Amino acid sequence: MDMNAVKGLVAEKPVVIFSRSQCSMSYTVKTLISSFGANPTVYELDEIPNGHHIETLLLQLGCQPCVPAIFIGQKLIGGARELMSLQVRNELMPLLMSARAIWV
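Keep in mind the model is a prediction, meaning the values are calculated, not measured.

Calculation notes
- Residues numbered from 1 in each chain as written.
- Predicted model: local features only at pLDDT ≥ 70, side-chain atom pairs only at ≥ 80, totals over all residues.
- Heavy atoms only, no water.
- Core = buried A, V, L, I, M, F, W, Y, C linked by side-chain atoms within 4.5 Å.
- Buried < 20%, exposed > 50% of the residue type's maximum accessible area, 1.4 Å probe, protein only.
- Contact = heavy atoms within 4.5 Å.
- Helix = DSSP H or I, 4+ residues; strand = E, 2+ residues; numbered from the N terminus.
- Pairing = 2+ DSSP bridges.
- Axes fitted to C-alpha atoms, helices over the stretch in contact; angles between N-to-C directions.
- Expected span 1.5 Å × (residues − 1).
- Arc of directions from axis to C-beta.

### Some points on the nonpolar core
Counting residues in each nonpolar core, the largest one holds 17 residues, and the members touching the most others are Ile33, Ile70, Ile72 and Leu83. Apart from residues lying up to four places away in sequence, leucine 83 is in contact with Val29, Leu32, Ile33, Ile70, Ile72 and Leu92. Membership of the second largest hydrophobic core comes to 14 residues, among which are Val6, Val16, Tyr43 and Leu58.

Laid out in structure tokens, this is it:
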């Protein structure tokens, strides 16, 4: 499995979140994105067979920590800090709209 595997998991999906089922920051991120009416595709890395390998790939992409890792419009946004920063600057909703994750 290589970087193309991650690209394949996010292809053609407006919002993808790589998460861990017990991670509070992952929960916060999923809740925030869902509050806009978006329906993110969520991969719980502690519940899927190749999750550990995907974590390694996310680290190589620059995700520190590796979860939550958020992709919007197939682009890596980053983690919870980056997502909250977009929200504070009122840039999250337009980003979700441009990725066709929500319609207003």
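### A short note on the pairing of strand 1 (residues 15-19)
Sheet faces and side chains relate simply in a regular strand, where the side chains alternate between the two faces. Of all five residues in strand 1, five are buried, a share of seventy percent or more. Covered by surrounding structure in strand 1 are Val15, Ile17 and Ser19 together with Val16 and Phe18, the residues of both alternating faces. In this structure, strand 1 lies alongside strand 3 (residues 69-72), joined through four bridges in antiparallel fashion. Within the sheet, the bridge partner assigned to isoleucine 17 lies in strand 3 and is isoleucine 70.

### Some points on the sheet that holds strand 1
Pairing in this open sheet of four strands is mixed, and the strands run 2-1-3-4 from one edge to the other. Each edge of the open sheet carries a strand with a single partner, namely strand 2 (41-44) and strand 4 (75-78). The sheet shows a mean angle of 20° between the axes of neighbouring strands, direction not considered.

### Some points on helix 2 (residues 24-35)
Look at helix 2: 16 Å from first C-alpha to last across 12 residues, which is about the 16 Å you get at 1.5 Å a residue. Of all the positions in helix 2, only Ser26, Val29, Lys30, Leu32 and Ile33 are classed as buried. Taken down its axis, helix 2 places every buried residue within 165° of arc, on the same side. Turned more than 90 degrees away from the buried face of helix 2 sit Ser24, Tyr27 and Ser35, all of them exposed. Within two residues after helix 2, glycine 37 carries a phi angle of roughly 95°, on the positive side.

### Focus on the environment of alanine 101
Looking at the secondary structure, you find alanine 101 in the segment after helix 5 (92-98). What makes alanine 101 buried here is its relative accessible area of 10%. Between the C-alpha atom of alanine 101 and that of proline 14, which follows or precedes it by 87 residues, the distance is 5.1 Å. Filtering out sequence-adjacent residues up to four positions away, alanine 101 remains in contact with Pro14, Val15, Gly37, Ala38 and Leu96.

### Thoughts on the side chain of lysine 30
By secondary structure assignment, the location of lysine 30 is in helix 2. If sequence neighbours within four positions are ignored, lysine 30 has contacts with Ile17, Ser19, Val42 and Glu44.

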